[in-house]
Amino acid sequence: MGNVFPPDFAALEPFADWAVRGERARYAKRVSSPMEELQAFYDVAYPLLQQHTEYLENLSLDGISDEDKHLLWAFCALVTVAFPVEAWGQPRVPDSGPSSIDAVIEPAV
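Each chain carries its own residue numbering, running from 1 in the written order of its sequence. Given that this is a predicted model, residues contribute local features only at a pLDDT of at least 70 and side-chain atom pairs are listed and counted only at 80 or more, while totals for whole chains, interfaces and linings are drawn from all residues. Heavy atoms throughout the structure, all of them, feed into the side-chain values; hydrogens and water do not.

## Focus on the packing of aromatic side chains
Definition in use: Note on aromatic pairs: the rings of Phe, Tyr and Trp (six-membered ring only in Trp) are paired at centre separations within 6.5 Å, and the planes decide the class, stacked below 30 degrees, edge-to-face beyond 60, tilted for the rest. For the purposes of this entry, the term helix denotes a DSSP run of H or I that reaches at least four residues, the term strand denotes a run of E that reaches at least two, and both are numbered from the N terminus. With a 1.4 Å probe rolled over the protein chains alone, any residue whose accessible area is under 20% of its type maximum counts as buried; one over 50% counts as exposed, and the rest are partly exposed.
Overall, the coordinates contain six aromatic pairs when judged by the stated rule. Their ring planes at 5° and their centres at 5.3 Å tell us that tyrosine 42 and tyrosine 46 sit as a pair that is stacked. You can see tyrosine 42 and its partner tyrosine 46 sitting in helix H2 (residues 35-51), four residues apart, about one turn around the helix. Residue classification places tyrosine 46 among the partly exposed positions, given a relative accessible area of 34%. Their ring planes at 35° and their centres at 5.5 Å tell us that phenylalanine 83 and tryptophan 88 sit as a pair that is tilted. On the accessibility criterion, tryptophan 88 (27% relative accessible area) is partly exposed.

## Description of the side chain of aspartate 68
Heads up, the condition is: His is not counted, nor are the chain ends, whereas Lys and Arg count as positive and Asp and Glu as negative. Salt bridges are counted wherever a side-chain nitrogen of Lys or Arg sits within 4 Å of a carboxyl oxygen of Asp or Glu. Contacts: residue pairs with any heavy atoms within 4.5 Å of one another.
Tracing the backbone through its elements, the reader meets aspartate 68 in helix H4 (residues 66-88). Although buried, aspartate 68 forms no salt bridge, and the nearest oppositely charged side chain, lysine 69, lies 10 Å from it. Ignoring anything within four residues of it in the chain, the contact list for aspartate 68 reads Pro6, Tyr55 and Leu59.

## What about H4?
Every α-helix carries 3.6 residues per turn, so stepping three or four residues along brings you back to the same face. Note the following rule: Residue count minus one, scaled by 1.5 Å, sets the expected span of a helix. Two axes are fitted around each residue, one to the seven residues ending there and one to the seven starting there, and the angle between them is reported as the bend at that residue.
Compared with the 33 Å implied by 1.5 Å per residue over 23 residues, the 33 Å span of H4 between its first and last C-alpha is a close match. Valine 81 marks where H4 bends most, by close to 40°; the proline proline 84 follows one to four residues later. Along H4, the residues classified as buried are Asp68, Leu71, Trp73, Ala74, Phe75, Ala77, Leu78, Thr80, Val81, Ala82, Pro84 and Val85. Where H4 terminates, the next one or two residues include glycine 89, which has phi positive at roughly 70°.

## Concerning the nonpolar core
The cut-off we apply is this: Residues belong to one nonpolar core when they are buried, are Ala, Val, Leu, Ile, Met, Phe, Trp, Tyr or Cys, and are joined through side-chain atoms within 4.5 Å.
Counting 24 residues, the largest nonpolar core has Phe5, Leu12, Phe41 and Phe75 as the members making the most contacts within it. Taken together, the elements giving at least two residues each to this core come down to H2 and H4. Looking at this core element by element, the count peaks at nine residues for H4. If we skip the residues at most four places from it in the chain, phenylalanine 5 touches Leu12, Glu13, Phe15, Ala16, Ala19, Glu67, His70, Leu71 and Ala74.

The structure is reproduced here in structure tokens:
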């Protein structure tokens, strides 16, 4: 099997299962994953995002490659795990019970 991500993002390959399309699917992955997994993904993805912001800003969505599409989905997943890692220390919103927020409109990618 080939790479899921562009070559500059090879460090993300062990986390290819975080390249999930759709906010609901990313949220489901977050709440079903242990904090150790969220932390490991965050620890690799966040520095890559900081180092390669220009690459992402220059992506054209016209004719986007599968590798770049998976990269965008992985960085959307990074946004999904950021608060649990940086603030809550748990996958779910503290004291929220079974509540959830559903995205009504999502990016086309």
